[in-house]
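Examining the three-dimensional arrangement
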Amino acid sequence: MLEHDLLATSWTWDGDEPIDERVRAVGAAGFSGISLALDDLHEVRATTGLRRLRQMLDDVGIVWVQLGTLGSWWTCPSRTEAADADRGVLLEAAATLRAWQVVARADVSLPGVSPAAMLDDWVVLAEQARGVGAQLVLEPEPWSNLPTVERASRFVATAGHPNGGLLLDAMHALRSGSTLASIRHGLAPSTLAAVELSDGLLDTPNGMTLADESRLARYLPGAGAWDVPGFIRTVRDLGFDEPWGVEVRTPGHRALPIADALRTAAAATRAVLDAADAYGTPPAPVMPTSAAPTSAVDYEPAHRPRRETGSGAPA
């Protein structure tokens, strides 16, 4: 099977351990990418420093660095100084860590602004991200003003900035009502920039909102009811290659030691990627039904009688 680059999202490697220990666990589990949340960036910037973090990432073989998620990047009355400070830290970290991407979310406030009113601000942010060497990607969420990946793809395409792209999260896409067919036909391939894999139940668990499920019921790929290999094949047909983001979050998974949790997540994701790779290949030959020849392993020579000695005792 093919070897695949995997990226551990911030929730997949979240924990109470020191950040250097968690970064080492990410590398030891075979991930070549990592996503750092704003909380992580603020903590590192105030303690060990961003340059030291970049050295940690180099030491464990991390080549894909994704940062986020940034909110309130558009002009609106609710935009605060804290949001502007987050933006500054994110761009500073992107430059120092040589980030591949920075992630922004749509408006989750009520009532949300019109997406059309966000286009100019998106272009400005995309240009700022390009200035520090990173691509800007939009992550649509079902409870935002860009609730589906199809609408978010149109937003990015309409904005038209070459440094803007779309993050396709399997849970957000499927829970917003998208299907593999609508993703295949509704996304502009030029906008697809990042993919996150997880699995889930047929329906949102009783008593949970969609946001609750996103935080608490992201199962290991292959452990739920979704056609994750089919999802992988769909985004491949749209031109996406690597790395594959892994976003797992359940109480049981969270209770594991960080090293075990990451190894489990990587192994499960590679299994569904292998299943997607195998689709359409010739099936394995059937097991033989004819009698197998006798081998040297189970062959027993004919019994040889014991040689008698002159005293009548066996030799």
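Reference entry: report on the structure contained in this document.

**A word on the side chain of Asp121**
Along the chain, the position of Asp121 falls in helix α5 (residues 119–131). Buried and unpaired, Asp121 has Arg79 as its nearest opposite-charge partner, separated by 4.7 Å. Leave out the neighbours within four places in its chain, and Asp121 touches Trp73, Trp74 and Thr75.

**Here's the deal with the environment of Leu53**
If you trace the backbone, Leu53 turns up in helix α3 (residues 50–59). Classification of Leu53 by relative accessible area gives buried; the value is 0%. Linking Leu53 and Leu41, residues 12 residues apart in sequence, is a C-alpha distance of 9.5 Å. Setting aside residues no more than four positions away along its own chain, Leu53 makes contact with Val23, Leu36, Val44 and Leu97.

**What to know about the pattern of salt bridges**
Scanning all chains against the criterion turns up 18 salt bridges. Note that Arg254 is salt-bridged to Asp16, the shortest N-O span being 3.6 Å. Linking Arg254 in helix α11 (residues 251–255) with Asp16 in the loop between β1 (6–8) and α1 (19–28), this pair joins segments that are 238 residues apart in sequence. The class of Asp16 is exposed, set by a relative accessible area of 72%. With a closest N to O distance of 3.1 Å, Glu141 and Arg105 form a salt bridge.

The rules behind these values
- Residues numbered from 1 in each chain as written.
- Predicted model: local features only at pLDDT ≥ 70, side-chain atom pairs only at ≥ 80, totals over all residues.
- Heavy atoms only, no water.
- Helix = DSSP H or I, 4+ residues; strand = E, 2+ residues; numbered from the N terminus.
- Buried < 20%, exposed > 50% of the residue type's maximum accessible area, 1.4 Å probe, protein only.
- Lys, Arg positive; Asp, Glu negative; His and termini not counted.
- Salt bridge = Lys/Arg side-chain N within 4 Å of Asp/Glu carboxyl O.
- Contact = heavy atoms within 4.5 Å.

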